[in-house]
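Here are the chains, one letter per residue:
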Amino acid sequence: PLTRIRLVASSLVEQPAASDDQATSIKIIHQASVDMSNLVDQLLLLARLEGSGVKEGESCAINQAVHSAIEAARGTRTVQQQSTVADDLAVTGPSADITRAIQNLVQNAVRYSPEVNPVVVRIDREDQNCIVSVVDQGMGIAAQDIEKLGERFYRTDSSRSRDVGGTGLGLAITKEIVHRCGGSLSFESEPGKGTTATIKLPIFENSSKKINSK
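Residues numbered from 1 in each chain as written. Predicted model: local features only at pLDDT ≥ 70, side-chain atom pairs only at ≥ 80, totals over all residues. Heavy atoms only, no water.

Counted according to the given criterion, the structure contains five salt bridges. In this structure, K193 engages E190 in a salt bridge whose closest nitrogen and oxygen atoms are separated by 3.5 Å. The network of salt bridges with shared partners includes R48, D97 and R180. (Salt bridge = Lys/Arg side-chain N within 4 Å of Asp/Glu carboxyl O.)

See the structure below:
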């Protein structure tokens, strides 16, 4: 049913409207159908993640995953990628899911920070873990809100989130992906100064042996 609504609404948007009010109503219907489709897709993704685990041997080239995530999320913004790890370093987990997890964090950083302030994604190694940090210089997050990040539908400022199209599920998806890969997700923030979101993922065993043997 939702697909049919989107198709009809898309068709109506492209046709001349009888009045400005009608044109506005059609655009509202079309955008609402797009938003609802995105919400359903995210809920289905969460259901899939909860019902499955990481398959043995699944790995993700982390530098490429970060690059793909930035390209998908940055829009017109400049997002810098900084890496201190080998180009072929891999982490445990499906590439598509890990890319999605990082993409969600980059989207948040871009969404909630001024265009003039840079967003940086850093990739480092800490023992047998890979650390991906998404750093922005945006509005920051209050201390009482940080522990709730990753809860479904939780938004620190609901009115602002509606303005920018947030559903409150992006961080929940990221958290679920990271945890099923054996990693962790954490946040550090100061209101008015920015936020750092950090993903810690275990290095893929074969990748680790290859690097340690050099």
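With that settled, the discussion passes to the confidence of the model for the chain. For the chain, per-residue confidence averages 85 on the pLDDT scale, and 88% of positions sit at 70 or higher. At the low end of the mean pLDDT range in the chain sits helix α6 (residues 158–164), at 46; at the high end sits strand β5 (residues 129–136), at 97. Segment residues 158–162: pLDDT under 50, and six contacts once partners within four positions in sequence are set aside and those in other chains are kept. Segment residues 209–214 is flagged for pLDDT under 50; beyond a separation of four residues in sequence, or across chains, it makes six contacts in the model. (pLDDT = per-residue confidence, 0-100. Helix = DSSP H or I, 4+ residues; strand = E, 2+ residues; numbered from the N terminus. Contact = heavy atoms within 4.5 Å.)

With mixed pairing, the five strands of this open sheet are ordered in space as β2-β4-β5-β7-β6. In this open sheet, the two edge strands, each paired with only one partner strand, are β2 (79–83) and β6 (184–190). The mean inter-strand angle of the sheet, taken between neighbouring strand axes irrespective of direction, is 15 degrees. Of the strand pairs in this sheet, strand β4 (residues 119–126) and β5 are connected by seven bridges, and their pairing is antiparallel. From the neighbouring strand, E126 faces β5, where its bridge partner is N129. The strands touched by helix α3 (residues 62–73) within the sheet are β2, β4 and β5, with β2 carrying the most contacts at an inclination of about 175 degrees. Lying on the sheet, helix α7 (residues 170–180) is in contact with β6 and β7 (194–202); it crosses β6 at an angle near 135 degrees. (Pairing = 2+ DSSP bridges. Axes fitted to C-alpha atoms, helices over the stretch in contact; angles between N-to-C directions.)

Moving on, we get to a nonpolar patch on the surface. Nonpolar side chains collect at one region of the surface, where M36, V40 and L44 lie side by side and expose about 260 Å² of accessible area between them. Relative to the elements of secondary structure, M36 occurs in helix α2 (residues 20–50). Overall, the relative accessible area of 42% leaves M36 in the partly exposed class. (Patch = residues over 30% accessible without salt bridge, like charges linked within 9 Å, V, L, I, M, F, W, Y side chains within 5 Å. Areas by Shrake-Rupley, 256 points an atom, 1.4 Å probe, with all protein chains shown as cover. Buried < 20%, exposed > 50% of the residue type's maximum accessible area, 1.4 Å probe, protein only.)

Moving on to the environment of A23. Relative to the elements of secondary structure, A23 occurs in helix α2. In the structure, A23 is positioned eleven residues away from L12 in sequence and 8.6 Å away in space, judged by C-alpha atoms.

Formed by 42 residues in total, the largest nonpolar core has its most connected members in I62, I102, V106 and I199. For this core, the secondary structure elements donating two or more residues are α2, α3, α4 (95–111), β4, β5, α7, β6 and β7. The element that contributes the greatest number of residues to this core is α4, accounting for seven residues. With sequence-adjacent residues up to four places away left out, I199 is seen in contact with A101, I102, L105, C130, I131, V132, T174, V178, S184 and L185. (Core = buried A, V, L, I, M, F, W, Y, C linked by side-chain atoms within 4.5 Å.)

Along the polypeptide, S113 turns up in the loop between α4 and β4. Residue classification places S113 among the buried positions, given a relative accessible area of 7%. Engagement of the side chain of S113 in a polar contact is seen with the backbone oxygen of A109, the distance being 2.5 Å. Excluding residues within four positions of it along the chain, S113 makes contact with R77, V119, D136, Q137 and G138. (Polar contact = N/O pair within 3.5 Å; in protein donor to acceptor, adjacent residues only side chain to side chain.)

At 3.6 residues per turn, the α-helix brings residues three or four places apart onto the same side. Among the eleven residues of α7, eight are classified as buried, and the element is accordingly described as predominantly covered. The set of residues buried in α7 consists of G170, L171, A172, I173, T174, I177, V178 and R180. Packed against the buried residues of α7 are α2, α4, β6 and β7. Count one or two residues on from α7 and you reach G182, which has phi positive near 85 degrees.

Our focus in this paragraph is the packing of helix α1 (residues 2–13) against α2. Look at α1 against α2: their axes get within 9 Å of each other, and the N-to-C directions meet at 145 degrees. Our pair here, α1 against α2, has a crossing hand that is left-handed. Along the contact surface, α1 presents L2, I5, R6, A9, S10, L12 and V13, while α2 presents I26, I29, H30, S33, V34, M36, S37 and V40. The class makeup of the residues in the contact of α1 with α2 is ten nonpolar, four polar and one charged. (Left-handed = near helix turned anticlockwise from the far one by under 90°. Nonpolar A, V, L, I, M, F, W, Y, C, P; charged D, E, K, R; others polar.)

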